[in-house]
Amino acid sequence: MKKVFVVLCCFTALAITAGAQAVTPGGSGDGAAGVVARLQRIEDLEAVRAIPACYGYGHDLIFKHLGADQTEAIAALQRCHVNALTTDVFLFDETTAATTLHSIRDLVAFIESFAKDQGYSSARNVPGNVQVELTGPATARVQSSTVAPHFLTLNSKSPATDFVEARYVSDVVRGSDGVWRAVEFDLVVQQIWRGVGVYPFAQP
């Protein structure tokens, strides 16, 4: 009885294997190499998909340290962007860049300067609608969008929030260390609208 059971198990395993081979185009997914390739693709997709959130976190840290040491924000952005990051900034016009930046430090300085000019005290940037396209074995493009609230105080008793609607497009590469980082970044500000309110609790 045990021998019959073992034989049946073997036939079942062979049938499952044959079925898996039949639905895999060209047999490219056969064996351990195919499994490794699929796992690598999943890992790559997830790593690239995390880049907009990484940028959002670094963006918020810039506001945390406005006018002070931006080491923490720079370190956060370095996890997902190369130091020599090229950033094209589009302001309300997606056909012509308003300015081009050439490093992470330039990007941090630009955002900090913009925040100071507008009187912002803090912000929360949580990009969503993330779309990933693997364009090569070690290259990809990731697109996302956001509506990020930027907080300010118009006077001692009148807080306000500017809602910044923006799109992000990043061309990313996997480095020799295996980490995916953006090498080119489009920051597209589409519109900004302001809402004025009151402090419901203690004034900060």
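To be clear, the structure that these remarks concern was listed above.
Throughout this document, residue positions are counted from 1 along each chain, in the order its sequence is written. Where totals are concerned, whole chains, interfaces and linings use all residues; where local detail is concerned, this predicted model gives features only for residues with pLDDT of at least 70, and gives and counts side-chain atom pairs only at 80 or more. Excluding hydrogens and water, the side-chain figures rest on all heavy atoms present in the structure.

Colleague: Go over the overall build of the protein chain, please, and point to the residues and values.
Modeller: Each helix and strand counted, the protein chain has 5 helices and 7 strands in total. In the protein chain, the succession of helices and strands from N to C terminus is α-α-α-α-β-β-α-β-β-β-β-β. Accessible area is worked out with a 1.4 Å probe on protein chains only. A residue is then buried under 20% of its type maximum, exposed over 50%, and partly exposed in between. Counting all 204 residues of the protein chain, 32% fall into the buried class. Considering only contacts in the protein chain between residues 6 or more positions apart, those separated by 24 or more positions represent 57%. Areas reported as accessible are Shrake-Rupley estimates using a 1.4 Å probe. Residue values count occlusion only from the protein chains shown. Counting every atom, the protein chain has about 12,100 Å² of accessible surface; 60% of that belongs to carbon and sulfur. Secondary structure elements follow DSSP: runs of H or I no shorter than four residues count as helices, runs of E no shorter than two count as strands, and numbering proceeds from the N terminus. Contact definition: two residues touch when any of their heavy atoms are within 4.5 Å.

Colleague: Now, about the state of the cysteines: what can you tell me, with residues and values included?
Modeller: Disulfide assignment relies on a single distance test, namely cysteine sulfur atoms paired within 2.5 Å. On inspection of all chains with the given rule, the structure shows 1 disulfide. Shown here is the disulfide that connects Cys54 with Cys80, its sulfur atoms set 2.0 Å apart. Here the disulfide of Cys54 and Cys80 is left-handed, its torsion about the S-S bond being about -80°. Here Cys80 lies in the loop between helix H4 (71–78) and strand E1 (81–91) and Cys54 lies in helix H3 (residues 51–64), a separation of 26 residues in the sequence. Residue classification places Cys54 among the buried residues on the basis of a relative accessible area of 18%. Cys80 sits in the buried class, given a relative accessible area of 3%.

Colleague: Which residues make up the packing of H3 against helix H5 (residues 104–118), and what values do they have?
Modeller: Helix axes are fitted only over the stretch in contact, all axes being lines through C-alpha atoms; the angle between N-to-C directions runs from 0 to 180 degrees. At their nearest, the axes of H3 and H5 sit 10 Å apart, and the two run at 50° to each other. Here H5 runs oblique to H3, going by the angle between their axes. Regarding H3 and H5, the two cross each other, and that crossing is right-handed. Contacts between H3 and H5 involve Tyr55, His59, Ile62 and Phe63 on the former and, on the latter, Leu107, Val108, Ile111, Glu112 and Ala115. Note on residue classes: Ala, Val, Leu, Ile, Met, Phe, Trp, Tyr, Cys and Pro are nonpolar, Asp, Glu, Lys and Arg are charged, and everything else, Gly too, is polar. Here the residues of the contact of H3 with H5 are counted per class, giving 7 nonpolar, 1 polar and 1 charged. An angle below 35 degrees is read as roughly parallel, one above 145 as roughly antiparallel, one from 65 to 115 as roughly perpendicular, and any other as oblique. Rotating anticlockwise by less than a right angle from the far helix to the near helix defines a left-handed crossing, while the corresponding clockwise rotation defines a right-handed one.

Colleague: Which residues make up a nonpolar patch on the surface, and what are the values?
Modeller: Here, patches come from residues exposed beyond 30% relative accessible area and free of salt bridges, joined within 9 Å for like charges and within 5 Å for nonpolar side chains (Val, Leu, Ile, Met, Phe, Trp, Tyr). What counts as a salt bridge is simple: a side-chain nitrogen of Lys or Arg found within 4 Å of a carboxyl oxygen of Asp or Glu. A contiguous nonpolar surface patch, about 270 Å² in accessible area, is contributed by Val35, Leu39 and Ile42. As for its position among the elements, Ile42 is in helix H2 (residues 31–49).

Colleague: Let's hear about empty space enclosed by the protein: which residues, and what values?
Modeller: Using protein atoms alone on a 1 Å grid, points that fit a 1.4 Å probe yet trap it form a cavity, whereas open point sets bounded by protein on both sides within 12 Å along at least five of seven lines form a pocket; residues with an atom within 4 Å of a point count as lining. Grid points are joined across faces, edges and corners, and a volume is the space filled by probe spheres set on the points. All chains considered together, the criterion is met by 2 cavities of 30 Å³ or more. What the largest cavity holds in volume is close to 200 Å³. Residue lining of the largest cavity: 17 residues in total, with His59, Phe114, Val164, Leu187 and Val189 positioned closest to the centre. Sorting the residues of the lining of the largest cavity by element identifies H3, H5, strand E5 (139–155), strand E6 (158–174) and strand E7 (180–196) as the ones contributing at least two each. Quantified by volume, the second largest cavity comes out at close to 50 Å³. Along its surface, the second largest cavity is lined by Ile51, Pro52, Tyr55, Val142, Ser144, Tyr168, Ser170 and Phe185. Only H3, E5 and E6 provide two or more residues apiece to the lining of the second largest cavity. Top contributing element to the lining of the second largest cavity by residue count: H3, with 3 residues.

Colleague: Just give me the short version of the pairing of E6, but keep the residues and values in it.
Modeller: DSSP bridges decide pairing: two strands pair if at least two such bridges lie between them. The sheet contact formed by E5 and E6 spans 16 bridges and is antiparallel. The residue bridging Thr139 from the neighbouring strand is Val173, located in E6. Inspection of the sheet shows E6 paired to E7 by 15 bridges, in the antiparallel sense. Pairing of Ala166 across the sheet is with Val189, part of E7. Between the antiparallel neighbours E6 and E7 lie 5 residues, among them Gly178 with a positive phi of about 85°.

Colleague: Which residues make up the nonpolar core, and what values do they have?
Modeller: Only buried Ala, Val, Leu, Ile, Met, Phe, Trp, Tyr and Cys residues count toward a nonpolar core, and they belong to the same one when joined by side-chain atoms within 4.5 Å. Core analysis: the biggest nonpolar cluster contains 35 residues, and Tyr55, Leu107, Val172, Phe185 and Leu187 have the highest contact counts within it. Residue assignment for this core shows that the elements contributing at least two residues are H3, H4, E1, H5, strand E3 (120–123), E5, E6 and E7. Residues in contact with Val172, not counting those within four places in the same chain, are Val48, Ile51, Ala138, Thr139, Ala140, Val142, Trp180, Arg181, Ala182 and Val183.

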